[in-house]
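Chain by chain, the residues:
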Amino acid sequence: MTSTLLPPSDATTRRTGAAGLAAALSAAAPRWLDLVEYRPHSRWTHLLPADDAAAVLDPDLHADLAGAQVWLLSWLPDQGTPLHDHGTSAGAFSVVQGTLTERVVGAGRSSVRESVAELGAGRVRHFGPHYVHQVTNAGTEAAVSVHVYTPGLAWMNTYRVDGPTLVRTGTERAGVDW
């Protein structure tokens, strides 16, 4: 019995996704790291146009950029985000240099669950919509990270922990509040 290998159909071709893009962009950092700025009074963020992201990626990954949004961020010591989610966007981030601390918060029926992880260079963290976390540079050296969101960010919700409850404190709309 002989079998014929057929090229994979669109339905069986595995796309890399946000985590793969974040890892690939992190590996390509020498090609974009000169764009990074460091601000002593606030984190620096930069929306990387899809064409610029494609220019540093293997062409096999270009299709994965469709509908994705790429952000570059720098973090000086003690800089961080509030506790937040990414609305309906899923995504991933990769630490390019330095170390970031991620605090993840989930609401249970009667309590809030929290975990903290130190993420060094090369670590990738992926997440789904409504993933609540806080990212901080608790170290003494500057850090850089690359973030990929699908679909692109439309808004982010901010939160606080109030005893056993996770309370939404606001919504920041993309292009308006950032």
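Residues numbered from 1 in each chain as written. Predicted model: local features only at pLDDT ≥ 70, side-chain atom pairs only at ≥ 80, totals over all residues. Heavy atoms only, no water.

K.L.:
How should I be thinking about the nonpolar core in this particular structure?
P.N.:
Soluble globular proteins tend to pack their nonpolar side chains together in the buried interior. The biggest cluster of nonpolar side chains holds 25 residues, and the ones touching the most others in it are L25, W32, L57, V70 and V148. Contributions of two or more residues to this core are made by α1 (17-27), β1 (44-48), α2 (50-56), β2 (69-75), β3 (90-97) and β8 (143-150). Top element by residues in this core is α1. It accounts for five residues. Every residue in contact with V148, bar those within four places of it in the chain, is listed here: A18, L21, A22, L25, A68, Q69, V70, A90, G91 and A92. Residues W71, V95, V104 and Y131 belong to the second largest nonpolar core, which totals 15 residues. (Core = buried A, V, L, I, M, F, W, Y, C linked by side-chain atoms within 4.5 Å. Buried < 20%, exposed > 50% of the residue type's maximum accessible area, 1.4 Å probe, protein only. Helix = DSSP H or I, 4+ residues; strand = E, 2+ residues; numbered from the N terminus. Contact = heavy atoms within 4.5 Å.)

K.L.:
Where do I start with the pattern of salt bridges in this structure?
P.N.:
Opposite charge on two side chains allows them to pair when their charged atoms are near. Summed over the entire model, instances satisfying the criterion amount to three salt bridges. Two residues, R125 and E102, come together in a salt bridge whose shortest N-O distance is 2.4 Å. One end of the pair, R125, is in strand β6 (residues 124-127); the other, E102, is in strand β4 (residues 99-107), with 23 residues separating them in the sequence. The salt bridge involving E114 is made with R103; its shortest N-O contact spans 2.8 Å. Here the residue E114 occupies a position in strand β5 (residues 112-120), and R103 occupies one in strand β4, the gap between them amounting to 11 residues. (Salt bridge = Lys/Arg side-chain N within 4 Å of Asp/Glu carboxyl O.)

K.L.:
Can you help me understand the sheet that holds β8 in this one?
P.N.:
In a beta sheet, neighbouring strands pair by backbone hydrogen bonds and run either parallel or antiparallel. An order of β1-β2-β8-β3-β6 is seen for the five strands of this open sheet, with the pairing classed as antiparallel. In this open sheet, the two edge strands, each paired with only one partner strand, are β1 and β6. Pairwise comparison of adjacent strand axes, ignoring direction, gives a mean angle of 20° for this sheet. The pairing of β1 with β2 spans five bridges and is antiparallel. Bridging across to β2, L47 finds its partner in W71. (Pairing = 2+ DSSP bridges. Axes fitted to C-alpha atoms, helices over the stretch in contact; angles between N-to-C directions.)

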